[in-house]
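# Analysis of the macromolecular model
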Amino acid sequence: MGQYQQHVFVCTSGKTCPTQDSKAVFQALRSAVVDAGIKGQVRVNHSGCLGQCGHGPMVVVYPEDVWYCAVKPADAARIVSEHLQGGRPVEELRYVAPPGDNKLPLDEPLPPRA
Ligand code: FES
């Protein structure tokens, strides 16, 4: 096993996610991990663009390869308790899209969550 059981990447420096409050999502996830007492097992990192611009804020959890879209700071506690601790991804926040880049033109509306 590596240094951490899971990595959570939050897009905080691409073109669109930072305009959708992704830095607050990052802080909320990091705080929720600390509050849950799992800081030694889960690493929350900033990420550059994840190639899904316009669907954000984007969050991805590895090694599960589970993606979340349109995440809000208030969603952090559920992601931590249900997914990171409970092992069950939060289905209504889940992002399912074809492999590779899925960038939306900025004038298109966001798709509904799964
Ligand atoms: S800006 Fe976040 S996925 Fe591109």
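Attention here is on the structure that accompanies the text. Everything numeric here is computed off the predicted structure, so don't read it as measured data.

## Thoughts on the side chain of Thr-12
Topologically, Thr-12 is positioned in the loop between strand 1 (6-11) and helix 1 (22-36). Those residues within four positions of Thr-12 in sequence are excluded, and the remaining contacts are Pro-18, Ser-22, Lys-23, Phe-26, His-46 and Ser-47.

## Here we look at the packing of helix 1 against helix 2 (residues 76-85)
At a minimum axis distance of 8 Å, the contact between helix 1 and helix 2 shows a crossing angle of 50°. On the basis of their axis angle, the class for helix 1 and helix 2 is oblique. As helix 1 runs across helix 2, the sense of the crossing is right-handed. Here Ala-28, Leu-29, Ala-32, Val-33 and Ala-36 of helix 1 come into contact with helix 2, specifically with Ala-76, Ala-77, Ile-79, Val-80, Leu-84 and Gln-85. Residues belonging to the contact of helix 1 with helix 2 are distributed by class as follows: 10 nonpolar, one polar and no charged.

## Section: the nonpolar core
Note on soluble globular proteins: their nonpolar side chains tend to be buried together. Counting residues in each nonpolar core, the largest one holds 22 residues, and the members touching the most others are Val-8, Val-10, Leu-29, Val-59, Tyr-68 and Leu-84. Mapped onto this core, the elements with two or more residues apiece are strand 1, helix 1, strand 2 (42-47), strand 3 (59-62), strand 4 (66-68) and helix 2. Tallying contributions element by element places helix 1 first for this core, with six residues. Discounting residues that sit within four places of it in the chain, Leu-29 has contacts with Val-8, Val-10, Val-44, Val-59, Ala-76, Ile-79 and Val-80. Cys-17, Trp-67, Cys-69 and Tyr-95 belong to the second largest nonpolar core, which has seven residues in total.

## Examining the packing of aromatic side chains
Here the structure, examined in full by the defined rule, presents one aromatic pair. Plain terms: the ring middles of Phe-9 and Tyr-62 are 6.3 Å apart, the flat faces sit at 65° to each other, and that makes the pair edge-to-face. With Phe-9 in strand 1 and Tyr-62 in strand 3, this residue pair connects regions lying 53 residues apart in the sequence. Using a relative accessible area of 24% as the deciding quantity, one classes Phe-9 as partly exposed. The exposure class assigned to Tyr-62 is partly exposed, which follows from its relative accessible area of 33%.

## So, the pattern of salt bridges
With the rule as written, the count across this model stands at three salt bridges. Here Glu-82 and Arg-78 are joined by a salt bridge, their closest N and O atoms 2.8 Å apart. Of the two residues, Glu-82 and Arg-78 are both situated in helix 2; the distance of four residues between them amounts to about one turn of the helix. Take Glu-82: its relative accessible area is 23%, and that puts it in the partly exposed class. Classification of Arg-78 by relative accessible area gives partly exposed; the value is 32%. A cluster of three or more residues bridged by salt bridges with shared partners is formed by Arg-78, Glu-82 and Glu-92.

Cut-offs and rules
- Residues numbered from 1 in each chain as written.
- Predicted model: local features only at pLDDT ≥ 70, side-chain atom pairs only at ≥ 80, totals over all residues.
- Heavy atoms only, no water.
- Helix = DSSP H or I, 4+ residues; strand = E, 2+ residues; numbered from the N terminus.
- Contact = heavy atoms within 4.5 Å.
- Axes fitted to C-alpha atoms, helices over the stretch in contact; angles between N-to-C directions.
- Parallel < 35°, antiparallel > 145°, perpendicular 65-115°, else oblique.
- Left-handed = near helix turned anticlockwise from the far one by under 90°.
- Nonpolar A, V, L, I, M, F, W, Y, C, P; charged D, E, K, R; others polar.
- Core = buried A, V, L, I, M, F, W, Y, C linked by side-chain atoms within 4.5 Å.
- Buried < 20%, exposed > 50% of the residue type's maximum accessible area, 1.4 Å probe, protein only.
- Phe/Tyr/Trp six-rings, centres within 6.5 Å; stacked < 30°, edge-to-face > 60°.
- Salt bridge = Lys/Arg side-chain N within 4 Å of Asp/Glu carboxyl O.

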